[in-house]
4 protein chains.
Amino acid sequence: MPRFAPKNPDFHKAATETFDAQPAMRTLGISIARLEAGEVELAMAYSAGFAQQNGFVHAGIISAGLDNACGIAAYTLMPAGASILTVEFKTNLLAPAKGERFAFRANVVKPGRTLTVCEARAFAFDGARENLVASMTGTLMALLRRDAAVPHLQNMSPA
Amino acid sequence: MPRFAPKNPDFHKAATETFDAQPAMRTLGISIARLEAGEVELAMAYSAGFAQQNGFVHAGIISAGLDNACGIAAYTLMPAGASILTVEFKTNLLAPAKGERFAFRANVVKPGRTLTVCEARAFAFDGARENLVASMTGTLMALLRRDAAVPHLQNMSPA
Amino acid sequence: MPRFAPKNPDFHKAATETFDAQPAMRTLGISIARLEAGEVELAMAYSAGFAQQNGFVHAGIISAGLDNACGIAAYTLMPAGASILTVEFKTNLLAPAKGERFAFRANVVKPGRTLTVCEARAFAFDGARENLVASMTGTLMALLRRDAAVPHLQNMSPA
Amino acid sequence: MPRFAPKNPDFHKAATETFDAQPAMRTLGISIARLEAGEVELAMAYSAGFAQQNGFVHAGIISAGLDNACGIAAYTLMPAGASILTVEFKTNLLAPAKGERFAFRANVVKPGRTLTVCEARAFAFDGARENLVASMTGTLMALLRRDAAVPHLQNMSPA
């Protein structure tokens, strides 16, 4: 596993603050379990309110956890003051998301000045068993301060 | 736009029941706005509890809506008694999901006996404007009755 | 279908030159059939040398055509002097790529200063029939002149 | 890394024959470097005829190698007599595909009766350096003998 050096010495605080600023994470009951430069693990308890028709966690909720794990992992390697956007992600659902709690583990595959690529996996803890239930590859984008006045995605408009 | 003939004459009822059986859709405030053979539109009101750090709807929640639109669209073309699973999906976030309400529109691109491919788009209604905020391509799988005793994904296990 | 205004009045010439500069397109026998702002169609004749084990065109070759269609479509909307890179793409293989000739049709879904998202479809012409055989969603990146001295992807390196 | 037990004791021969039956692999100069149950490495020399406009290997050719690595890795775990199809794949281009030779390394993430999910990475050997240039996640489908008379993808047609 490649290790990457953070540009922001306060990456732990910055990444935690960005995570905590998301109401969706509180609503979904997702929290940071482990946070290092280029790697993060999030934890989520099962909630019946976010299940699909078979009682398993909905694929969109699994994606929310995976996407956030990717985003926070990418953010740990971005310079101080950067904002972060998800460009795209791809999720494979590998097994039913059945369990009493879940872990979302992400790591940076390739950091970049503008774009960072991460991979993540979701695990379900069903009694004593840990099952791989989904995987994600995601592309994240850093918005640096000089870009802040002209944020990319908001400026994308048909002429 | 290709049109497809449903195999199940009661597809409308079957698809609606499958949708309604998902607690996650109620929790997220997502409902069916339009439902035809191979096409569906879902509606969602903005909820601050599902926002990310800028107040926009979280990408995972957008994915939940898009995935469900794809799933229901695919389900309308499946035979009576089939169950449906999402195999994988890919989401592109195209603009901030900023608005007071949202639409998720999906249509079947290629129906199949086992696998069906759908495309979906998410739109945000921000005042008088309708903005394209995300797109998805998804692969859905039909589990037919003869398969029901040996559901595919639950049987996938390392030897 | 949204229409987009090109920033480069000579986009036709610029896009054609970028296409023609790729030896891979000549080797694969792919040419431009139609080129407008934000839209392109490429054409390819069947070649047995690029088949997989059933005599159908290999998925990687189909991806080469789809990716190039996306890239050229995106390039038509970029400013003069920009370079273009593919960030990522996702291909769904929908039917066997069986036919005597093929078309790759792409259009821009969302143009941006840095990133542009395109969709493309591959069609096989098998006798009198035109079959949809694959689809792609791709993300393309513009490298502008001010970035040229510090090209993004080449600078991505573990610290 | 999870290890998987092959169902076909002659998987090495079966996978090699499937690989060798593809003219595209010969044309692209791709060969099997290593083959185990659930894992494969392919090798390719640089060929100027498959370059894009900067002299790097075209993303479609990189995808051809990655897709084939995924397919062969999946095939090693399929039962005797199965045929294999690529359902979909997603490629991230991480760095310029610049080098005198290339390796495509794939492993099975989740084997299944019908669908198998694989991950692959492409590396470029540029002098003494080995660079990660691309990644892929792919979904592969087994066509078993009982299905052979009604091959799935060829039967997918609008009613």
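Predicted, not measured: the structure shown is a model, and the values here were computed from it. What you see as residue numbers is a count from 1 along each chain, following the sequence as written. Both sets of labels track the order of writing: A upward for chains, 1 upward for ligands. Totals for whole chains, interfaces and linings use every residue, but because this is a predicted model, local features are given only for residues with pLDDT of at least 70 and side-chain atom pairs only at 80 or more, for both listing and counting. For side-chain calculations, the full set of non-hydrogen atoms in the structure is used, while hydrogens and water are omitted.

Colleague: How should the relation of the copies chain C and chain D be read in this particular structure?
Modeller: Relating the two copies of this chain is a rotation about some axis coupled with a shift parallel to it. To line up the copies, we fit them by least squares on C-alpha atoms, keeping just the residues with pLDDT of at least 70 in both. Of the transformation placing chain C onto chain D, the axial shift is 0.0 Å and the rotation is 180°, giving an RMSD of 0.0 Å. Read as a symmetry element, the transformation amounts to a two-fold axis. Of the C-alpha atoms belonging to chain C, the one lying closest to the rotation axis is found on Lys-90 of chain C, 2.1 Å away. We call two residues in contact whenever any of their non-hydrogen atoms come within 4.5 Å of each other. Comparing interface residues between copies, 100% of those in chain C also lie at the interface in chain D; the contact surface is shared.

Colleague: Just to check I follow, could you spell out the sheet that holds strand S4 (residues 101–110) of chain C for this structure?
Modeller: Within a sheet, adjacent strands bond to each other through the backbone by hydrogen bonds, running parallel or antiparallel. Paired strands, as defined in this entry, are two strands with at least two bridges between them according to DSSP. The numbering of helices and of strands both runs from the N terminus, where a helix is a DSSP run of H or I of at least 4 residues and a strand a run of E of at least 2. Strands sit in the order S1(C)-S2(C)-S4(C)-S5(C)-S6(C)-S3(C)-S3(D)-S6(D)-S5(D)-S4(D)-S2(D)-S1(D) across an open sheet of 12 strands; the sheet is antiparallel. The sheet terminates laterally at strand S1 (30–36) of chain C together with strand S1 (30–36) of chain D, the two strands that pair on one side only. Between one strand and the next, the sheet's axes are offset by a mean angle of 25°, whatever the strand orientation. Pairing of strand S3 (residues 83–93) of chain D with strand S6 (residues 129–143) of chain D involves 10 bridges; the strand directions are antiparallel. Note that in S6 of chain D the partner of Ile-84 of chain D across the bridge is Ala-142 of chain D. For every element, the axis is a line fit to its C-alpha atoms; helices are fit only across the contacting stretch, and the angle between N-to-C directions ranges from 0 to 180 degrees.

Colleague: Help me out: how do you make sense of the interface of chain C and chain D in this one?
Modeller: A common way to state how big an interface is: give the accessible area lost once the parts meet. Contact residues are listed per partner, giving 38 residues for chain C and 38 residues for chain D. Computed with a 1.4 Å rolling probe, the buried area is the accessible surface lost when two parts are put together, summed over both parts. Approximately 2800 Å² of surface area, both sides summed, lies buried where chain C meets chain D, with 60% of it carried by carbon and sulfur atoms. It is Gln-53, His-58 and Phe-89 of chain C that lose the most area in chain C upon contact with chain D, and together they represent 20% of the buried surface on that side. The term salt bridge refers to a pairing of a side-chain nitrogen on Lys or Arg with a carboxyl oxygen on Asp or Glu at a separation within 4 Å. With a shortest N-O distance of 3.2 Å, Glu-88 of chain D and Lys-90 of chain C are connected by a salt bridge. Pairs of N or O atoms are called polar contacts if they sit within 3.5 Å, as long as, within protein, a hydrogen donor faces a hydrogen acceptor (for residues adjacent in sequence, only side-chain-to-side-chain pairs). Applying the counting rule to chain C against chain D returns 16 residue pairs in polar contact (both at pLDDT 80 or more). Those elements that provide at least two residues to the side of chain C that touches chain D are helix H2 (23–28), helix H3 (59–75), strand S3 (83–93) and helix H5 (152–155) of chain C. The leading source of residues in the side of chain C that touches chain D is S3 of chain C, at nine residues. In this count, Pro and Cys sit with the nonpolar residues alongside Ala, Val, Leu, Ile, Met, Phe, Trp and Tyr, while Asp, Glu, Lys and Arg are called charged and the others, Gly among them, polar. Classifying every residue of the side of chain C that touches chain D by side-chain character gives 21 nonpolar, 14 polar and three charged. Sheet topology places S3 of chain C next to S3 of chain D; five bridges connect them, and they run antiparallel. By the bridge assignment, Glu-88 of chain C is partnered in S3 of chain D with Asn-92 of chain D.

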